[in-house]
Amino acid sequence: MGTSHKLRGHVLVYSGNPFATSWQETVTILENSAVLIEDGRIAAVGDAAMAMEAPETDYSGHLICPGFVDAHVHYPQTAIIASWGKRLIDWLNTYTFPEEMRFGDADYAACIADRYLDLALDHGTTSLASYATIHPESVDALFNAAAARNMAVVAGKTCMDRNAPEGLRDSAQSAYDDSKALLERWDGQGRARYAITPRFSPTSSPEQLAALGALWGEYPQALMQTHISEQLDEIAWVRSLYPDARDYLDTYEQHGLLGERGIYGHAIHLEPREIDRLAEVGAGLVHCPTSNTFIGSGLFDLMGLAQAGQHVGLATDTGGGSSFSMLRTMAAAYEVAQLRGTALHPSQMLWLATAGSAQVLHRADELGSLATGLAADITVLDLASTPAIAQRVAGAKDMWDTVFPTLMMGDDRAIAAVWVGGTCQRGASCG
Ligand code: GUN
Ligand code: ZN
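Residues numbered from 1 in each chain as written. Chains lettered and ligands numbered in written order. Predicted model: local features only at pLDDT ≥ 70, side-chain atom pairs only at ≥ 80, totals over all residues. Heavy atoms only, no water.

Caption draft 1: Layout of the overall build of the protein chain. Along its length, the protein chain carries 16 helices and 16 strands. Over its C-alpha atoms the protein chain spans a radius of gyration of 21 Å, differing by no more than 12% from the 22 Å that the globule rule assigns to 431 residues. Summarising its shape, the C-alpha atoms of the protein chain cover approximately 60 × 50 × 40 Å along the three principal directions. The proportion of buried residues among the 431 residues of the protein chain is 61%. Surface accessibility of the protein chain: about 15,100 Å² in total, with carbon and sulfur atoms responsible for 50%. Each charge class in the protein chain can be summarised by its mean position, and for the 28 positive and 51 negative side chains these summaries are 2 Å apart. (Helix = DSSP H or I, 4+ residues; strand = E, 2+ residues; numbered from the N terminus. Rg over C-alpha atoms; globule rule 2.2 N^0.38 Å. Buried < 20%, exposed > 50% of the residue type's maximum accessible area, 1.4 Å probe, protein only. Areas by Shrake-Rupley, 256 points an atom, 1.4 Å probe, with all protein chains shown as cover. Lys, Arg positive; Asp, Glu negative; His and termini not counted. Charge placed at Lys NZ, Arg CZ, Asp CG, Glu CD.)

Encoded structure:
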């Protein structure tokens, strides 16, 4: 017999994608209900969980959610988050590259990996996809820290062989060799999954993109993550570096780096051909709203792309993004959608931060929803975590109106508990 545990509270459940069909048909909050955990997995939800006898933790009045899934972060940028006054290329050169240089030191990488994952858990994030640095040690550091917390993490060595400083460049061959060795070491090891990670077209030569495309061809089960069309200056630079490419996406496509298991961060200023090709292959796009406003990149067309059937996830983009919190990120997504003339429903905000991101990471069969058989990665939200939120909730007219103020104004104080693989990592019942 395994160990069972019951969590009582309001439970967020999905039966579909609230961007594809109406949210009323796809997302429900089961009020005063329960989730049953058995051997690290979700064993029952709702009435079936209520009917089972097990030791329990009472989260009455709180919202039991799938753990948040942050689909695009740079854990090596933890220490430089919220650095002032630069746009993308200057920001990379001024703040990011000097900090990433430090990750050749395995002890420093381990220290930041621990710090970053602790911050992620504090903010209710149980899974994430991270870029490392060019140093293989930086990949080992994150996967080791994730294994110590039983967290499902996607990561890869960031590859760059040009337009980066001395000490932060590899080569086409060493990027291929190092990525291959890391992929073999980590992909499928416990909850670790490897993503082949060319940083973006400006910092890779065509030869490096081709080498990484060839590697992906050899390991088609691997994920691939990169950046696309974040700022207009960047796009102009890509055009000058790759004069034969039809557009930014084509720089990847020509080198074997477009596919269903590809995860493309930002994707703000896409051309119609790029949108069509991404939809055709079923690739994943990642919306990074705090980063897109903080670095001044632009307004991602979430509603247009998600309602057209593109796979979209949500991410902090730590540390181009200005917060570790997926709650703050949901709020920023709401604000950006408003600037584009649409209002995201709270059910859509939560779905994007959980199931939507899990789908983009190709891990929806393991995480992102409270459904029987999935890993018990769970975040419990206190829906009245500050006086400002509590007074607003006191006058709420229904359950969604009770949840929305926490999505807009909540921070780590709203994270009442975090369970990872059925073990309590944060909150009162951890003891
Ligand atoms: N494009 C290439 N590298 C980066 C990065 O580290 N952060 C962001 N926001 N965009 C990038
Ligand atoms: Zn990024």
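Caption draft 2: The coordination of the zinc ion (ligand 2), seen in detail. Protein coordination at the zinc ion (ligand 2) comes from His72 (NE2), His74 (NE2) and His227 (NE2), with a distance range of 1.9 to 2.1 Å. The sequence motif formed by the donor residues of the zinc ion (ligand 2) is H-x1-H-x152-H. Pair noted here: histidine 74 is in strand β5 (residues 68–74) and histidine 227 is in strand β10 (residues 223–228), with a separation of 153 residues, a long-range link. Each member of the pair histidine 74 and histidine 227 is classed as buried. (Donors = N, O, S within 2.8 Å, 3.2 Å for Na, K, Ca; no water.)

Caption draft 3: Structural context of the site of ligand 1. For ligand 1, the set of nearby residues contains 13 residues, the closest of which are His74, Gln77, Arg199, Glu230 and Asp317. Taking glutamine 77, its side chain carries an N or O atom lying 2.9 Å from an oxygen atom of ligand 1. A distance of 2.8 Å separates a nitrogen atom of ligand 1 from a polar side-chain atom of arginine 199. For ligand 1, the protein covers 100% of the area, taking 280 Å² as the surface of the free molecule. (Near = heavy atom within 4 Å. Polar contact = N/O pair within 3.5 Å; in protein donor to acceptor, adjacent residues only side chain to side chain.)

Caption draft 4: Just helix α16 (residues 399–409), in detail. Burial within α16 is extensive, with 9 of its 11 residues counted as buried. Every buried residue belonging to α16 is among Met399, Trp400, Asp401, Thr402, Val403, Phe404, Pro405, Thr406 and Leu407, and all of these are buried. Structurally, the start of α16 carries an N-cap: the backbone nitrogen of tryptophan 400 is 3.1 Å from a side-chain oxygen of aspartate 398.

Caption draft 5: Local environment of unusual backbone geometry. For the bond from threonine 318 to glycine 319, the omega torsion is 0°, close enough to zero to count as cis. With respect to the helices and strands, glycine 319 occurs in the loop between β13 (311–314) and α13 (326–339). Positive phi, close to 60°, is recorded for asparagine 150, a residue that is not glycine. Mapped onto the fold, asparagine 150 is located in the loop between α5 (136–148) and β7 (152–156). Phi is positive for alanine 267, which is not a glycine, with a value near 50°. Relative to the elements of secondary structure, alanine 267 occurs in the loop between β11 (262–266) and α10 (272–281). What makes alanine 267 buried here is its relative accessible area of 1%.

Caption draft 6: Expanded view of the side chain of threonine 126. With respect to the helices and strands, threonine 126 occurs in strand β6 (residues 125–131). For threonine 126, a relative accessible area of 1% translates into the label buried. Apart from residues lying up to four places away in sequence, threonine 126 is in contact with Gly67, Phe68, Leu121, Met151, Ala152, Asp377, Thr379, Val418, Trp419 and Val420. (Contact = heavy atoms within 4.5 Å.)

Caption draft 7: Molecular detail of the packing of α5 against helix α6 (residues 172–186). Contact geometry of α5 with α6 gives a least axis separation of 10 Å together with a crossing angle of 15°. Put simply, α5 runs roughly parallel to α6. The interaxial crossing formed by α5 with α6 has right-handed handedness. Residues Pro136, Val139, Asp140, Phe143 and Asn144 of α5 touch α6, and the partners they reach there are Asp178, Leu182, Arg185 and Trp186. When grouped by side-chain class, the residues that make up the contact of α5 with α6 number 5 nonpolar, 1 polar and 3 charged. (Axes fitted to C-alpha atoms, helices over the stretch in contact; angles between N-to-C directions. Parallel < 35°, antiparallel > 145°, perpendicular 65-115°, else oblique. Left-handed = near helix turned anticlockwise from the far one by under 90°. Nonpolar A, V, L, I, M, F, W, Y, C, P; charged D, E, K, R; others polar.)

Caption draft 8: Local environment of the nonpolar core. Core analysis: the largest hydrophobic core is formed by 109 residues, its most contacted members being Tyr75, Tyr264, Met330 and Leu350. With 8 residues, the single largest contributor to this core is helix α4 (residues 106–122). Ignoring any residue separated from it by four or fewer positions in sequence, one finds methionine 330 in contact with Phe68, Leu314, Met349, Leu350, Ala353 and Leu407. (Core = buried A, V, L, I, M, F, W, Y, C linked by side-chain atoms within 4.5 Å.)

Caption draft 9: View of the pairing of β5. For β5, a buried count of 7 out of 7 residues is recorded, marking the element as mostly surrounded by other parts of the structure. Across 5 bridges, β5 lies against β6 in parallel orientation. By the bridge assignment, histidine 74 is partnered in β6 with tyrosine 131. (Pairing = 2+ DSSP bridges.)

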